[in-house]
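# Remarks on the overall topology
Read off the chains here:
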Amino acid sequence: YLKNICLRYYRWEIRKPHTESSSMESNFDKSSKLHTPEELLKNAEELFATNNPKMYRASILEAITALEAFVEETVFKTLDKLLDPILVKWLRDRSKMDFDSRLGIFTPLATGIEIDKDEILWKNYKEAKKIRNKITHTGAVAQREQAKFVIDTVYAWLAHLGSTSE
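About the criteria used
Per-chain numbering applies: the sequence of each chain, read as written, is numbered from 1 onward. In view of the model being predicted, local features appear only for residues whose pLDDT reaches at least 70, and side-chain atom pairs are presented and counted only at 80 or more, with totals across whole chains, interfaces and linings using the full set of residues. Think of the side-chain values as coming from all heavy atoms in the structure, minus any hydrogens and water. Using a grid of 1 Å spacing that covers the protein atoms alone, one calls a set of points a cavity when a 1.4 Å probe fits there but cannot get out, and a pocket when the set is open and has protein on both sides within 12 Å along at least five of seven lines; lining residues are those with an atom within 4 Å of a point. Grid points are joined across faces, edges and corners, and a volume is the space filled by probe spheres set on the points. Comment: elements are numbered from the N terminus, with helices defined as DSSP H or I runs of at least four residues and strands as E runs of at least two. Residues are sorted three ways: Asp, Glu, Lys and Arg are charged, Ala, Val, Leu, Ile, Met, Phe, Trp, Tyr, Cys and Pro are nonpolar, and all the rest, Gly among them, are polar. Summary of the metric used: pLDDT quantifies the predictor's per-residue confidence within the range 0 to 100. Throughout, a contact is declared for two residues whenever any of their heavy atoms are within 4.5 Å. Any carboxyl oxygen of Asp or Glu that lies within 4 Å of a side-chain nitrogen of Lys or Arg is treated as forming a salt bridge with it. Only protein chains enter the accessibility calculation, which uses a 1.4 Å probe; a residue is then buried when its area is under 20% of its type maximum, exposed when over 50%, and partly exposed in between.

Glancing now at the layout of surface pockets. With a probe scaled to a water molecule rolled over the atoms, the places where space remains empty come into view. Approximately 1,500 Å³ is the volume found for the largest pocket. Taken together, 32 residues make up the lining of the largest pocket; nearest its centre are E68, A69, E72, K96 and R102. The dominant element in the lining of the largest pocket, judged by the number of residues it contributes, is helix α4 (residues 53-82), at nine residues. Of the residues that constitute the lining of the largest pocket, the class distribution is ten nonpolar, six polar and 16 charged.

In this section: the confidence of the model for the chain. A residue-level look at the chain finds 78% of positions with pLDDT of 70 or above and a mean pLDDT of 84. In the model, residues 18-22 has pLDDT below 50 throughout and makes three contacts with residues more than four positions away in sequence or in other chains.

This brings us to the pattern of salt bridges. Summed over the entire model, instances satisfying the criterion amount to eight salt bridges. Note that K42 is salt-bridged to E46, the shortest N-O span being 3.6 Å. Separated by four residues within a single helix, K42 and E46 lie in helix α3 (residues 37-49), roughly one turn from each other. Note that K148 is salt-bridged to D152, the shortest N-O span being 2.9 Å. One end of the pair, K148, and the other, D152, are both in helix α8 (residues 144-160), four residues apart, so they sit about a helical turn from each other. Assessed through its relative accessible area of 38%, D152 is described here as partly exposed.

Encoded structure:
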């Protein structure tokens with residue numbers, strides 16, 4: 001079984017056009033329209049409202065993505081105005097896979113809004129992230145109450161950060 005997967009991957013790799021950089025990001029058109037945090041959160045709500053258990057996973061992913069997009073959209077635009085653009089690019093690159101730092105360190109720096117990691121808001125974010133990671137990386141089945149919790153947590157964060165998404 002594993003041999004077949006490896007063989008399929010190998011065949012996929014040799015069929016792909018080779019470029020200097022094989023990362024998807026380098027091929028991503030930076031001018032492409034992106035979903036707004038509001039659109040993503042609306043999608044999460046609509047998926048949840050279907051009451052279809054197969055859609056709860058998608059609603060969780062959309063909700064977390066809404067929070068990530070909000071931080072990307074607001075925090076880094078503000079940091080671009082406050083700090084040297086080279087430093088901001090370095091911070092963005094170094095924190096790509098570390099949303100905790102983006103939310104817990106860069107967000108207060110950019111917005112002046114305190115984030116207390118001992119408060120329920122932070123603990124709920126960590127639990128929402130744990131749910132997201134579990135359904136993403138282990139294939140766990142998402143439950144209705146988990147989806148509701150994640151969506152509610154994202155709304156709480158957007159309200160705390162002053163989003164118009166409320």
